[in-house]
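One-letter residues, chain by chain:
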Amino acid sequence: MLFVFGGFTTHAQTADEIINTYITNIGGADKFRSLTGTKMEMNVNYQGMEIPVELVQLKGGKMYLKINFQGQEITQMAFDGTTAWSTNFMTMKAEKMESEMVENIKQEAGDYPDPLIDYKSKGYTAEYLGKETKEGTECYKIKLTKNHKWLMGKKWTTSFSTILILKIMFRF
């Protein structure tokens with residue numbers, strides 16, 4: 001008679017393992033570092049209204065954020081690498097942003113194209129928060145934190161599908 005005893009083991013995922021798998025799955029850090037610009041189109045649901053948003057970011061920090069609100073295209077924020085402007089919704093005119101806000105934008109420009117690429121060298125820490133379900137998909141939940149005098153302990157939470165290890169949700 002032969003008896004086989006076996007145990008089931010589970011592999012605990014770490015934040016580093018999940019992030020490294022994600023980076024591999026999106027093509028690798030080197031390919032992402034070679035990007036010169038990205039454009040993201042999304043819809044924001046605000047008080048029951050779908051608001052189209054366009055975010056364009058360029059290597060070096062230049063960027064703009066446009067929204068289309070009730071048929072009117074508004075450049076909500078723009079940054080040329082030195083100066084940042086935002087639209088005042090009362091006057092609908094561009095106004096220069098305060099220096100503290102410009103410093104925040106400059107700091108975040110260093111995260112291009114993705115804060116998870118080389119996150120440790122950028123001053124972030126990553127923490128695995130466990131699993132969660134988002135819109136029927138089981139996900140790993142990671143909290144990314146950066147302590148910097150201008151960013152005031154900025155925190156992001158990112159959810160990655162457990163099957164493909166791709167981002168499906170990103171929250172500030």
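None of these values were measured; they are calculated from a predicted model. (Residues numbered from 1 in each chain as written. Predicted model: local features only at pLDDT ≥ 70, side-chain atom pairs only at ≥ 80, totals over all residues. Heavy atoms only, no water.)

K.L.:
Tell me what's going on with the overall build of the protein, and back it up with residues and numbers.
P.N.:
On a plain count of helices and strands, the protein comes out with three helices and 10 strands. The helix and strand sequence of the protein, counted from the amino end, reads α-α-β-β-β-β-β-β-α-β-β-β-β. Looking at the 172 residues of the protein, the share that counts as buried comes to 30%. When contacts within the protein are restricted to residue pairs at least 6 apart in sequence, those whose partners lie at least 24 apart make up 32%. A total accessible area of about 11,400 Å² is found for the protein, and carbon and sulfur atoms account for 54% of it. (Helix = DSSP H or I, 4+ residues; strand = E, 2+ residues; numbered from the N terminus. Buried < 20%, exposed > 50% of the residue type's maximum accessible area, 1.4 Å probe, protein only. Contact = heavy atoms within 4.5 Å. Areas by Shrake-Rupley, 256 points an atom, 1.4 Å probe, with all protein chains shown as cover.)

K.L.:
Describe the pairing of strand E4 (residues 72–79), naming the residues involved and giving the relevant values.
P.N.:
Here strand E3 (residues 63–69) pairs with E4 via seven bridges, running antiparallel. Within the sheet, the bridge partner assigned to Ile67 lies in E4 and is Ile74. Hairpin connection of E3 to E4: two residues between the antiparallel strands, including Gln70 at a positive phi of 50 degrees. Pairing of E4 with strand E5 (residues 84–88), which is carried by three bridges, proceeds in the antiparallel orientation. Across the sheet, Ala78 pairs through a bridge with Trp85, a residue of E5. (Pairing = 2+ DSSP bridges.)

K.L.:
Describe helix H3 (residues 99–109), and please don't skip the residues or the numbers.
P.N.:
Among the residues of H3, those classed as buried are Val102, Asn104 and Ile105. Viewed along the axis of H3, the buried residues span an arc of 155 degrees, placing them on a single side of the element. Where the residues of H3 are buried, they touch E3, E4 and E5. (Arc of directions from axis to C-beta.)

K.L.:
Would you mind going over the environment of Thr137 in detail, with residue names and values included?
P.N.:
Tracing the sequence through the fold places Thr137 in strand E8 (residues 137–146). Given the relative accessible area of 31%, Thr137 is considered partly exposed. Measuring from C-alpha to C-alpha, the distance between Thr137 and Phe160 comes to 9.3 Å, with 23 residues separating the pair along the chain.

K.L.:
A description of helix H1 (residues 15–25) should follow, citing residues and the corresponding values.
P.N.:
Residues of H1 that are buried: Ala15, Ile18, Ile19, Tyr22 and Ile23. Along H1, the residues classed as buried sweep out an arc of 135 degrees about the axis, all on the same side.

K.L.:
An account of the sheet that holds E3 is requested, with residue identities and associated values reported.
P.N.:
Either a parallel or an antiparallel arrangement is found when strands of a sheet pair, and the pairing is made through backbone hydrogen bonds. Read across the sheet, six strands follow the order E1-E2-E3-E4-E5-E6 without closing on themselves; strand pairing throughout is antiparallel. Lying at the two open borders of the sheet, with one neighbouring strand each, are strand E1 (37–46) and strand E6 (93–96). Going across the sheet, the axis of each strand differs from the next one's by a mean of 25 degrees, ignoring polarity. With respect to the sheet, H3 is in contact with E3, E4 and E5, its orientation differing from that of E4 by roughly 80 degrees. (Axes fitted to C-alpha atoms, helices over the stretch in contact; angles between N-to-C directions.)

K.L.:
An account of the environment of Leu65 is requested, with residue identities and associated values reported.
P.N.:
Assignment of secondary structure puts Leu65 in strand E3. Spatially, the C-alpha atoms of Leu65 and Val53 are 7.2 Å apart, while their sequence positions differ by 12 residues. Sequence-distant contacts of Leu65, that is, excluding residues within four places in its chain, are made with Val53, Glu54, Leu55, Ile74, Thr75, Gln76 and Met77.

K.L.:
So what's going on with the pattern of salt bridges? Which residues, and what values?
P.N.:
Within this structure, the stated rule accounts for 11 salt bridges. Lys146 serves as the salt-bridge partner of Asp111, at 4.0 Å between the closest nitrogen and oxygen. Taken together, the residues span a long stretch of sequence, with Asp111 in the loop between H3 and strand E7 (124–134) and Lys146 in strand E8 at a distance of 35 residues. Considered together, Asp111 and Lys146 belong to a single accessibility category, that of buried residues. Its salt-bridge partner being Lys134, residue Glu132 comes within 4.0 Å of it at the nearest N-O pair. On the basis of relative accessible area, Glu132 is assigned to the buried category, the value being 15%. A cluster of three or more residues bridged by salt bridges with shared partners is formed by Asp30, Arg33 and Asp118. (Salt bridge = Lys/Arg side-chain N within 4 Å of Asp/Glu carboxyl O.)

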